[in-house]
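A structural walkthrough
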Amino acid sequence: MWWTNRSDSQTQVAETAAKAAANDSIPLVLSYNYLDLDRYAARATSKTTGPFADDLKKLLDTQVLPTARAKSIATQTTVQGTSTVTASANAIVLLMFIDQTTRTADVATPKIEGARLEVTMTNQDGRWLISGLKPI
């Protein structure tokens with residue numbers, strides 16, 4: 001019984017820490033401004049780990065950054081809500097609701113969209129990092 005209680009407590013602590021990290025990290029990863037893309041790319045990839053980090057870097061280099069520069073895109077992401085799907089001491093899967101406001105040089109009115117994301121957070125050396133992200 002002591003071991004089960006200890007495991008549940010560790011999972012609750014992990015869940016709280018992972019949610020806080022995701023709420024801070026998702027806006028950093030999904031918000032960018034064409035005027036500051038190099039700093040954005042370094043900041044975004046520092047919040048990720050594993051194969052997802054490699055995939056994100058490739059996506060940024062081949063699609064996001066060139067398009068943002070060419071079309072003068074700025075996107076601001078805000079987290080509207082976060083819920084736990086599954087939790088363990090070292091990995092947490094979250095359902096996150098976000099809003100994104102996108103501005104471009106050729107469109108006067110910003111575009112506002114909502115989205116749902118499944119975000120996997122992994123504890124790596126005491127830091128909760130994004131190891132998976134998929135729209136749902």
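Quick summary incoming for the structure in this document.

Here is what the cut-offs are and how they apply
- Throughout this document, residue positions are counted from 1 along each chain, in the order its sequence is written.
- Local features in this predicted model are restricted to residues whose pLDDT is 70 or higher, and side-chain atom pairs enter the listing and the counts only when it is 80 or higher, whereas totals over whole chains, interfaces and linings include all residues.
- With hydrogens and water stripped out, all remaining heavy atoms of the structure feed into the side-chain values.
- Salt bridges are defined as contacts in which a side-chain nitrogen from Lys or Arg sits within 4 Å of a carboxyl oxygen from Asp or Glu.
- Strands here mean DSSP runs of E at least two residues long; helices mean DSSP runs of H or I at least four residues long; both are numbered from the N terminus.
- The buried label applies to any residue whose accessible area, calculated with a 1.4 Å probe on protein chains only, is under 20% of its type's maximum; exposed applies above 50%, and partly exposed to all values in between.
- What a helix should span is 1.5 Å times the count of its residues minus one.
- Two axes enter the definition of the bend at a residue: one is fitted to the seven residues ending there, the other to the seven starting there, and the bend is the angle between them.
- Any pair of N or O atoms that falls within 3.5 Å is considered a polar contact. Within protein, one atom must be able to donate a hydrogen and the other to accept it, and sequence-neighbouring residues count only if both atoms are side-chain atoms.
- Pairs of residues are marked as contacts when any of their non-hydrogen atoms sit within 4.5 Å.

So, on to the pattern of salt bridges. By the definition in use, this model includes 6 salt bridges. Two residues, Lys 57 and Asp 61, come together in a salt bridge whose shortest N-O distance is 3.0 Å. Remark: Asp 61 and Lys 57 occur in helix 3 (residues 50-71); sequence separation between them is 4 residues, near one turn of the helix. The exposure class assigned to Asp 61 is partly exposed, which follows from its relative accessible area of 41%. The residue Lys 111 makes a salt bridge to Glu 113 at a minimum N-O spacing of 3.5 Å.

One turn of an α-helix holds 3.6 residues; hence residues three or four places apart share an orientation. Here helix 3 contains 22 residues, and its C-alpha end-to-end distance of 30 Å stays within 8% of the 32 Å for a straight helix at 1.5 Å per residue. At Leu 60, helix 3 is bent by approximately 50°, the largest bend along its length. Of the residues making up helix 3, those classed as buried are Phe 52, Ala 53, Leu 56, Leu 60, Val 64, Leu 65 and Ala 68. Following helix 3 by one or two positions, Ser 72 has its phi on the positive side, about 50°.

A word on the side chain of Thr 48. On the secondary structure map, Thr 48 appears in the loop between helix 2 (37-45) and helix 3. Within the local environment of Thr 48, its side chain forms a polar contact with the backbone oxygen of Thr 45, the two atoms lying 2.9 Å apart. For Thr 48, the residues in contact, after removing those within four places along its chain, are Ala 53, Leu 56, Leu 129 and Ile 130.

Okay, the environment of Val 93 next. On the secondary structure map, Val 93 appears in strand 3 (residues 91-104). Placed 75 residues apart in sequence, Val 93 and Ala 18 show a C-alpha to C-alpha distance of 9.0 Å. Those residues in contact with Val 93 that sit more than four places away from it in its chain are Ser 83, Thr 84, Val 85, Thr 86, Glu 118, Val 119 and Thr 120.

Everything listed here is a matter of coordinates, which is why it stays silent on function.
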